[in-house]
Amino acid sequence: MAAGAPSPAVEKAPRILRLVAECGRSRARAGELQLPHGPVATPVFMPVGTQATMKGITTEQLDALGCRICLGNTYHLGLRPGPELVQQARGLHGFMNWPHNLLTDSGGFQMVSLVALSEVTEEGVRFRSPYDGNETLLSPERAVEIQNALGSDIIMQLDDVVSSTVTGPRVEEAMRRSVRWLDRCIAAHRRPDKQNLFAIIQGGLDTRLRSACLEEMTKRDVPGFAIGGLSGGESKAQFWKMVALSTSKLPKDKPRYLMGVGYATDLVVCVALGCDMFDCVYPTRTARFGSALVPTGHLQLKKKQYAKDFGPIDPECPCPTCKRCSRAFLHTLLHGDNTAALHHLTVHNVAYQLRLMSAVRASIVEERFPDFVRDFVGTMYGDLTLCPAWASEALASVGIALG
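Residues numbered from 1 in each chain as written. Predicted model: local features only at pLDDT ≥ 70, side-chain atom pairs only at ≥ 80, totals over all residues. Heavy atoms only, no water.

**Remarks on the pairing of strand E16 (residues 297-300)**
How we decide: If DSSP finds at least two bridges between two strands, the strands pair. Where helices and strands are cited, they refer to DSSP runs of H or I of at least four residues and of E of at least two residues respectively, numbered from the N terminus.
Where strand E15 (residues 291-294) lies against E16, 4 bridges are found, and the strand directions are antiparallel. Its bridge partner being in E16, Ser291 is matched across the sheet by Gln300. Hairpin connection, E15 to E16: the antiparallel pair is bridged by 2 residues.

So, in structure tokens, the structure goes:
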């Protein structure tokens, strides 16, 4: 279907976002996603489980930490174990024993992460499997078919993704194709009453192209929108301006999902800019390198200074790791290459992200978000004047001055 044509969807898309409170100064908002497997409070950070599991943490532990939505990946699950097997297990929820909500990414990002193994045409993306080398076509229709079989609560369109550092005609080609692919995904979607299809805004770092994509995609009545094509190596100044542009043009009554963002400062700033949903492998990946997330940044527990430190990672953190494990114990495990250390750190880091977003939300509901931001920055950087310039500029653009 040509760009600019109305959505092929026949029925009106469900309104899944209930706004609870809005910041009187910035664009921050608190809400609730009303999804098939229960409500999800927003803003929300979603842990990433590419192949039906998070690395270093069980679904039972995620549940106990209060996580109510996490991610799976269509491309990887489509290859192994395959949608047919997952469907036999009552969908991805049953396969991974997860009673809460799931979002599946369509596989578009693999065009960047597996660029050496992929070829993009109007038909779709041809990949050589990283597992056995066999060629497979991931078309918009196939991406939706796989996600329909997986049964995730939120499914993503297949988009044509290029690295955020790419310039030239390829960026516009990818953006225009993403609009056409969105229409094909909408037409192929067989379970709109049970699964919510999100569009993905592209356009790179080009204001004109991103604005054009926003104009076209918001003509389609889909349940939510994602901001894609960022967090790929661009400068933070470029990053926040594209986020702000996107949130300024997205519908107020639909969720806004900023893809691939997980650093604490980025989360707080982008909530101020108007984003509701975030995902990133950062908290689980950094745990595997011995790094624990704390309000002042992170602790590298392999360092000698923690060898005789019997305090918890964070005295204020109620997670199982902080209740039971000292820094000295974790330091010893890390130096013994004991994988239990990575497990303990993953539990803590996911707990940190979830607690941070819960605190952000509470501050919005209680009408003190600007003060929360200033307290957060002061703790993270030691002084408000030491906040990175990009973050200060982004916050000032929505009325939160740090000075």
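**With respect to the pattern of salt bridges**
Using the following cut-off: Put simply, a salt bridge is a Lys or Arg side-chain nitrogen that is within 4 Å of an Asp or Glu carboxyl oxygen. Only protein chains enter the accessibility calculation, which uses a 1.4 Å probe; a residue is then buried when its area is under 20% of its type maximum, exposed when over 50%, and partly exposed in between.
This model, assessed by the stated rule, comprises 27 salt bridges. Arg374 is the partner of Asp371 in a salt bridge, and the nearest nitrogen-oxygen pair spans 3.1 Å. Pair noted here: Asp371 and Arg374 are both in helix H15 (residues 369-381), with a separation of 3 residues, about one helical turn. By relative accessible area, Arg374 is classed as partly exposed at 22%. Each of the salt bridges in this network shares a partner with another, and the network as a whole consists of Glu122, Asp160, Arg170, Glu173, Arg177 and Arg180.

**A look at the sheet that holds strand E2 (residues 29-35)**
Definition in use: Between N-to-C directions, angles span 0 to 180 degrees; the directions come from axes that are lines fitted to C-alpha atoms, helices contributing only their stretch in contact. Residue contacts follow a heavy-atom distance rule, with two residues in contact if any of their heavy atoms lie within 4.5 Å.
A sheet is described by the order of its strands in space; here 3 strands give the open sequence E1-E2-E3, paired in antiparallel fashion. Of all strands in the sheet, those bounded by a partner on one side alone are strand E1 (17-22) and strand E3 (38-42). Between one strand and the next, the sheet's axes are offset by a mean angle of 15°, whatever the strand orientation. Running over the sheet, helix H14 (residues 339-365) touches E1, E2 and E3 and is turned about 115° from E2.

**Overview of helix H6 (residues 140-150)**
Counting buried positions along H6 gives 8 out of 11 residues, so the element sits mostly inside the fold. Downstream of H6 by one or two residues, Gly151 has phi in the positive range, about 80°.

**Considerations on helix H10 (residues 264-272)**
Counting buried residues in H10 gives 9 out of 9 residues, a clear majority hidden from the surface. One or two positions beyond H10, positive phi appears at Gly274, with a value near 110°.

**Some points on the nonpolar core**
In plain terms, the rule: Residues grouped as a nonpolar core are buried Ala, Val, Leu, Ile, Met, Phe, Trp, Tyr and Cys residues, joined through side-chain atoms within 4.5 Å.
One finds Leu258, Phe278, Leu356, Phe369 and Phe376 to be the most contacted residues of the largest nonpolar core, which totals 92 residues. With 9 residues, the top contributor of residues to this core is helix H7 (residues 169-188). Look past the residues within four positions of Phe376 in its chain and what remains in contact with it is Ala264, Thr265, Val268, Tyr352 and Leu356. Membership of the second largest hydrophobic core comes to 19 residues, among which are Met46, Val48, Ile69 and Ile154.

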